[in-house]
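Residue-level structural notes
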Amino acid sequence: RGDQEEEPAAKQLVVEQVDEVRNKRQEAETRAEEASGSAEQAEAAHQEALAAVTAAREVADIERQACLEAEAEVKTAVAAVKDAEKKDAAAQKAVMRARAEAERWEAELARDEEAAKE
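Residues numbered from 1 in each chain as written. Predicted model: local features only at pLDDT ≥ 70, side-chain atom pairs only at ≥ 80, totals over all residues. Heavy atoms only, no water.

Before going further, it helps to examine the overall build of the chain. On a plain count of helices and strands, the chain comes out with one helix and zero strands. Counting only C-alpha atoms and orienting by the principal axes, one finds that the chain spans roughly 170 × 15 × 10 Å. For the chain, the proportion of its 118 residues judged to be buried stands at 0%. Approximately 10,700 Å² of the chain is accessible, and the part contributed by carbon and sulfur atoms is 55%. (Helix = DSSP H or I, 4+ residues; strand = E, 2+ residues; numbered from the N terminus. Buried < 20%, exposed > 50% of the residue type's maximum accessible area, 1.4 Å probe, protein only. Areas by Shrake-Rupley, 256 points an atom, 1.4 Å probe, with all protein chains shown as cover.)

A few words now on the pattern of salt bridges. Tallying each qualifying case throughout the model produces eight salt bridges. A salt bridge links Glu20 to Lys24, with the shortest nitrogen-to-oxygen separation between them at 3.4 Å. Placement of both Glu20 and Lys24 in helix 1 (residues 2-117) is noted, with a separation of four residues, approximately one turn of the helix. (Salt bridge = Lys/Arg side-chain N within 4 Å of Asp/Glu carboxyl O.)

What follows is about a negative patch on the surface. A cluster of like negative charges, contributed by Glu108, Asp112, Glu113, Glu114 and Glu118, occupies part of the molecular surface. Along the polypeptide, Asp112 turns up in helix 1. (Patch = residues over 30% accessible without salt bridge, like charges linked within 9 Å, V, L, I, M, F, W, Y side chains within 5 Å. Lys, Arg positive; Asp, Glu negative; His and termini not counted. Charge placed at Lys NZ, Arg CZ, Asp CG, Glu CD.)

Let's shift gears to the environment of Gln41. Among the secondary structure elements, Gln41 is positioned in helix 1. Sequence spacing of Gln41 and Val74 is 33 residues, and the spatial spacing of their C-alpha atoms is 48 Å.

Let us now look at the environment of Glu85. One can find Glu85 in helix 1. It is 48 Å that separates the C-alpha atoms of Glu85 and Ala52, two residues lying 33 residues apart in sequence.

So this is what it looks like as structure tokens:
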């Protein structure tokens, strides 16, 4: 009779242990699913970060190219200014020569007029 009383208790203990194992397995599966979800979210975030870095590099390349083009335009403008300064200096010299020549002609004309009066 003692064995018969222990048998339902033993069965109950086994049932409880099986339930406990099932609960722990369910918890483990839930944690695994959560970890998998977290890993998927981390991968998605990583891909977004890579896309952002790629976009930033593309923007930087565009900005770098724009800077190079602007630098070339500045160099061209500086060269044009220097050329204009040279032409201006040459024009000023030509004006000074023309004035000097005009003054010589005026002086010569004045001498000729004086000579004609005498």
